[in-house]
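Coordinates in review
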Amino acid sequence: MRDILGVKVAVSSYQQTADNSIAWARQGESRAVFFANVHVLMEAFDDPAFRFKLNAADMVNPDGMPLVWALRALGEQKATRVYGPDATEIILESAESAGVPVGFYGGSEATLGKLLAEVRRRYPGLQVVFTMSPPFRVLDAAEDEEITRRIGESGARMLFVGLGCPKQEHWIMEHRGRVPAVMLGVGAAFDFFAGSKPQAPRWMMRNGLEWVFRLASEPRRLAGRYFKHNPRFVALFLYQWMRSGRSRA
């Protein structure tokens, strides 16, 4: 685990993430697993309360290649990417084999329906015991309590949450200890599974260019985010790296 702009990012792997998730789920533990990219880290950099929640999570995996490169620059040469959508596939396969019941919380009704159809096609033995597309508004206390109760009574021991950053991370940390499941903030995995959004080619992912593909696909929604966060991340991490080098010297 290494600190990148104040966030503790795990030096992890797909297998380690899946193994930890299955072990926690079998014990009925309430855990928080995140997949962080530049957007997540910069949201945390700008919001100390959000940063505190990330650092209280059980795992914050390096979802994007810039975070992997940052970990390697800090001396973690074995750091690898743990991409949320790919991790979702591996964890679902593990849950199917282990007989761990799962749930899905997030997305629109249409997206959730397509996602479930694809999940059932790929993992016919998987126990899907809870699904919900929540309203696109702030829930009142009574509604939130009812949803929390329904998740607990469903028997789900692993809950995939797709609400987008930072909403899903806030929701998970507010429900850790209340929901007896491993909660994974997987964001765009819902859309990719459902086929409602395209994924970048693998060569772009490997070279840290996924953001270019996504910007071209959704320029209105993503332009502000990328132009605000990406240059600042590069400048701030270079400053951190130079300071760490002087400290070692």
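Our subject is the structure that appears above.
These notes cover the structure that comes with them. (Residues numbered from 1 in each chain as written. Predicted model: local features only at pLDDT ≥ 70, side-chain atom pairs only at ≥ 80, totals over all residues. Heavy atoms only, no water.)

Attention shifts here to the layout of surface pockets. Gaps left between atoms are located by rolling a probe of water-molecule size over the structure's atoms. Computed from the structure, the second largest pocket encloses a volume of approximately 180 Å³. If you go around the second largest pocket, you meet 13 residues; those closest to its centre are Tyr-105, Leu-139, Leu-163, Lys-167 and Trp-171. Of the residues belonging to the lining of the second largest pocket, the class tally is seven nonpolar, two polar and four charged. (1 Å grid on protein atoms, 1.4 Å probe; cavity = no way out; pocket = protein on both sides within 12 Å on 5 of 7 lines; lining within 4 Å. Points joined across faces, edges and corners; volume = space filled by probe spheres on them. Nonpolar A, V, L, I, M, F, W, Y, C, P; charged D, E, K, R; others polar.)

Looking now at the pattern of salt bridges. According to the stated counting rule, one finds 19 salt bridges in the structure shown. Across the salt bridge formed by Asp-191 and Lys-197, the nearest N and O atoms sit 3.7 Å from each other. Look at Lys-197 and you get partly exposed, because its relative accessible area is 24%. Linked through salt bridges whose partners overlap, the residues forming this network are Glu-29, Arg-31, Asp-58 and Arg-176. (Salt bridge = Lys/Arg side-chain N within 4 Å of Asp/Glu carboxyl O. Buried < 20%, exposed > 50% of the residue type's maximum accessible area, 1.4 Å probe, protein only.)

The subject of this paragraph is helix 1 (residues 14–26). Over its 13 residues, helix 1 runs 18 Å from end to end, which matches the ideal 18 Å to within 8%, given 1.5 Å per residue. Inspection of helix 1 places Thr-17, Ala-18, Ser-21, Ile-22, Trp-24 and Ala-25 among the buried residues, and these make up the whole buried set. Buried residues of helix 1, seen end-on, are gathered within an arc of 165 degrees and therefore sit on one face of the element. Residues of helix 1 that are buried make contact with strand 3 (31–36), strand 4 (59–62), helix 5 (84–98), strand 7 (158–162) and strand 8 (182–185). Looking one or two residues beyond helix 1, the residue adopting positive phi is Gly-28, at roughly 70 degrees. (Helix = DSSP H or I, 4+ residues; strand = E, 2+ residues; numbered from the N terminus. Expected span 1.5 Å × (residues − 1). Arc of directions from axis to C-beta. Contact = heavy atoms within 4.5 Å.)

A surface patch of nonpolar side chains, amounting to about 490 Å² of accessible area, comprises Trp-203, Leu-209, Trp-211, Val-212 and Phe-227. Mapped onto the fold, Trp-203 is located in helix 10 (residues 202–206). Among the residues examined, Trp-203 registers a relative accessible area of 47% and is labelled partly exposed. (Patch = residues over 30% accessible without salt bridge, like charges linked within 9 Å, V, L, I, M, F, W, Y side chains within 5 Å. Areas by Shrake-Rupley, 256 points an atom, 1.4 Å probe, with all protein chains shown as cover.)

In this structure, Thr-148 sits in helix 7 (residues 141–154). Polar side-chain contacts of Thr-148 include one of 2.8 Å to the backbone oxygen of Asp-144. Discounting residues that sit within four places of it in the chain, Thr-148 has contacts with His-175, Arg-178 and Val-179. (Polar contact = N/O pair within 3.5 Å; in protein donor to acceptor, adjacent residues only side chain to side chain.)

Another aspect to go through is the sheet that holds strand 5 (residues 102–106). Read from one edge of the open sheet, six strands run 4-3-8-7-5-6, paired in parallel fashion. The open sheet is flanked by strand 4 and strand 6 (128–132), the only strands paired with a single partner. Strand-to-strand twist of the sheet, defined as the mean angle between neighbouring strand axes without regard to direction, takes the value 15 degrees. Against the sheet, helix 8 (residues 167–175) engages strand 3, strand 5, strand 7 and strand 8, with an angle of about 165 degrees to strand 8. (Pairing = 2+ DSSP bridges. Axes fitted to C-alpha atoms, helices over the stretch in contact; angles between N-to-C directions.)

As a rule of thumb, nonpolar side chains are buried together in soluble globular proteins. Counting residues in each nonpolar core, the largest one holds 39 residues, and the members touching the most others are Ile-4, Tyr-105, Leu-159, Trp-171 and Phe-233. Leave out the neighbours within four places in its chain, and Trp-171 touches Tyr-105, Asp-144, Ile-151, Leu-159, Val-161, Leu-163 and Met-183. Among the nonpolar cores identified, the runner-up in size contains 31 residues, and Val-33, Ala-87, Phe-104 and Leu-115 belong to it. (Core = buried A, V, L, I, M, F, W, Y, C linked by side-chain atoms within 4.5 Å.)

What the rule picks out here adds up to five aromatic pairs. Considering the side-chain rings of Phe-104 and Phe-160, the 5.4 Å spacing of their centres and the 20 degrees angle between planes classify their relative orientation as stacked. Highlighted residues: Phe-104 in strand 5 and Phe-160 in strand 7, separated in sequence by 56 residues. Residue Phe-104 is classed as buried on the basis of its relative accessible area, which comes to 2%. Given a relative accessible area of 0%, Phe-160 falls into the buried group. Measuring from ring centre to ring centre gives 4.6 Å for Tyr-105 and Trp-171, while their planes differ by 25 degrees; the resulting arrangement is stacked. Residue Tyr-105 is found in strand 5, and its partner Trp-171 is found in helix 8; the two are separated by 66 residues along the sequence. By relative accessible area, Tyr-105 is classed as buried at 2%. The rings of Phe-104, Phe-160 and Phe-190 are connected pair by pair, giving a single aromatic cluster. Lying over the aromatic face of Phe-193, Arg-122 brings its terminal NZ or CZ to 4.5 Å of the ring centre. (Phe/Tyr/Trp six-rings, centres within 6.5 Å; stacked < 30°, edge-to-face > 60°. Lys NZ or Arg CZ within 6 Å of the ring centre and 35° of its normal.)

Okay, the pairing of strand 3 next. Of all six residues making up strand 3, five are buried, and the element is well covered by its neighbours. The pairing of strand 3 with strand 8 spans four bridges and is classified as parallel. Counterpart to Val-33 in the pairing with strand 8 is Leu-184. Alignment of strand 3 against strand 4, held across four bridges, turns out to be parallel. Note on strand 4: the bridge partner recorded for Phe-34 is Val-60.

Take it as geometry only, folks, not as evidence of what the structure does.
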